[in-house]
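Spelled out from the first residue to the last, the chains are:
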Amino acid sequence: MLRKILTVALLLALSAVTSEGAAPDKDIIIVYTNDVHCGVEDNIGYAGFVFYRNEMRKLTPYVTTVDAGDFSQGATIGMLSQGRYIVEIMNAIGYDVAAPGNHEFDYTMGMFENFNKNLSCGFIACNIRTVSDDKLILPAYKILSYGDVKVAYIGVTTPDTIAKSTPTYFMDEARQNYIYTFDGDMTGEKLIADIQKAVDEVRAKGVDYVIVVGHLGEYDDALTEAWTSPFIAARTHGIDAFIDGHSHEVTPELKIKNAEGKDVIITQSGTKLRHIGLVTIETDGKVSSKLIDSSNGKDEGIDIVIQNIKGRFEETIKSHQGYTSFDLVAVDDEGKWLARDAETNLCNLLADAYLEAASMTKTGSADISFIHAGGLRTNIKAGEIAFNDVISVLPYGNTVCIAEVSGQTILDELEFGARTAPGKNAGLLHAAGLTYTIDSRIPTPVKVDKNNMLESIEGERRVKDVKVKGEAIAPEKIYNVVSTNYVFFEKGNGHVFSGAKLIEADFATDAEILGCYIRKLEIIPEAYGNTKGQGRLKIIK
């Protein structure tokens, strides 16, 4: 809905928002990152980011370094260390403020607590709490002083975290009840109340400016518009600017009228350090934002830190796996998720790899394989394929298993994954051994619970013409299906797979299976040459 608004030029002429707070004696410059996803040397890179940050320090003593989440996952350096290496780099950089993204929870709640303990600036978030006592698990905000001027930074993390990370990480040991909540009712009322409460508290403490550091996103990514930053900004007051993340938008400056009719700036810098985000509070009290698309150098100290860390694992990840004469894709050149609203050749390759792997288990075979679109994190470019390429695509280390699943449950889960088509959905299912069509002209019949888990399906279905190995699926039949434990039994992306019976447990990780399949093929066949896939999934728009 907001995509056309958000497609703006980087060299946008700025028209600043004026705050009612006291003006600083020198410019306050906030340099920020969001959705780095372990891209420590991608594009501008952390070393280029720090070089630019340090150049700003020559202009004003008031420079603050901020991250809006999703730094710890997305490439080999994160997977091999479960995010620890990224925290090490961020501490060397010297971040002042950080809000967690949904992917900071991908390595279990224990590891998230480790991040919060070891990240020098710690995390802030005003909406993550324990269910039992309704208490926040993190400080809601941080107040920093710049001479006589005070700026409050309020953290907020998308309620979609429960579904987008691993839902069972937020549950009790019996996996029956949630023990953590992100205040994610579908109306957005709780989230708005959390943010407004934090704003009111800091305003009462006499702060001059309020900056929200959020991981929400600027468009409705398959859930509810009520969890997006424009929706929140329009229904709150007292916020000057919103540094955002999650949706990987390139947003130099988007203005939204708040509940009092005043402008609020929303800004986001894309993903993997494609740009440096900049928010400035000027000496006349005006607040503005823009994106920087290059840096004139690299900070030597940060570059040395990164190279030393890479030296700990680089030989392992260089091992040869195979060769492809064409790109295998899951995202476009801007980092937008292709696999979340369409079939791609990389989806096909991984789904086929699962079926091949199932044939070598004690079970002997599977009828169908499923992969969820959110599991594919990057592309494999044409040329030599190294182990690093494989684990960059599949950095989570999800284990793969085989389950007996009824045809009716398969139909239900396909419907759940199709509920936002033609929009994007990390829970969209790609398959081998099965083909299907989504008629997106039909309103979704899917009902979800407060955590965005499949609850029921009521009404005409949009998933049509489902065939298993060319034959119409039989709802009453039991099929052997291979997929990840995350999708089958950990409620990944909201899937529940009701009644699924485990018959082959955790026989390999997804990356091991893909690597093995590529090594067996040696050269990726031309059958995978079309980046749009082989027609296994059709979407009628």
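Residues numbered from 1 in each chain as written. Predicted model: local features only at pLDDT ≥ 70, side-chain atom pairs only at ≥ 80, totals over all residues. Heavy atoms only, no water.

(A) Region of interest: the pairing of strand S25 (residues 478–484). Most of S25 is tucked away, with six of its seven residues classed as buried. Relative to S25, strand S16 (residues 368–372) runs parallel, the two being bridged by two bridges. Each residue of the ladder has a partner; that of Ser 369, found in S25, is Val 482. Where strand S18 (residues 399–406) meets S25, seven bridges bridge the pair, whose relative direction is antiparallel. When the bridges of S25 are listed, Ser 406 appears paired with Ile 478. (Buried < 20%, exposed > 50% of the residue type's maximum accessible area, 1.4 Å probe, protein only. Helix = DSSP H or I, 4+ residues; strand = E, 2+ residues; numbered from the N terminus. Pairing = 2+ DSSP bridges.)

(B) Molecular detail of the sheet that holds strand S26 (residues 501–509). Strand order in the open sheet formed by five strands is S19-S16-S25-S18-S26, with mixed pairing between adjacent strands. Only two strands of the sheet have a single neighbouring strand rather than two, namely strand S19 (429–432) and S26. Across the sheet, the mean angle separating the axes of adjacent strands is 25° when strand polarity is ignored. The sheet contact formed by S16 and S19 spans four bridges and is antiparallel. (Axes fitted to C-alpha atoms, helices over the stretch in contact; angles between N-to-C directions.)

(C) Region of interest: the pattern of salt bridges. Counted according to the given criterion, the structure contains 24 salt bridges. With a shortest N-O distance of 3.4 Å, Glu 460 and Lys 464 are connected by a salt bridge. Under the relative-accessibility criterion, Glu 460 is labelled exposed at 52%. Through salt bridges with shared partners, one network takes in Arg 129, Asp 134, Asp 183 and Asp 194. (Salt bridge = Lys/Arg side-chain N within 4 Å of Asp/Glu carboxyl O.)

(D) Summary view of the nonpolar core. Of all hydrophobic cores here, the largest spans 116 residues; its most connected members are Tyr 46, Phe 370, Leu 376, Ile 410, Leu 434 and Tyr 436. Examining the composition of this core, we find that eight residues originate from one element, helix H11 (residues 345–358), more than from any other. When neighbours within four sequence positions are excluded, Ile 410 is seen to be in contact with Ile 368, Phe 370, Val 405, Leu 434, Ile 473, Tyr 479 and Val 481. Counting 27 residues, the second largest nonpolar core, distinct from the first, contains Tyr 141, Val 210, Ile 232 and Ala 233. (Core = buried A, V, L, I, M, F, W, Y, C linked by side-chain atoms within 4.5 Å. Contact = heavy atoms within 4.5 Å.)

(E) Region of interest: unusual backbone geometry. The linkage connecting Ala 421 with the following residue, Pro 422, adopts the cis geometry, with an omega of 10°. The residue Asn 43 is not glycine, and still its phi comes out positive at about 50°. Turning to its location among the elements, Asn 43 is positioned in the loop between strand S2 (28–33) and helix H2 (45–57). Its relative accessible area of 48% is what places Asn 43 among the partly exposed residues. Positive phi, close to 60°, is recorded for Leu 273, a residue that is not glycine. Its place among the elements puts Leu 273 in the loop between strand S12 (263–269) and strand S13 (276–281). Among the residues examined, Leu 273 registers a relative accessible area of 3% and is labelled buried.

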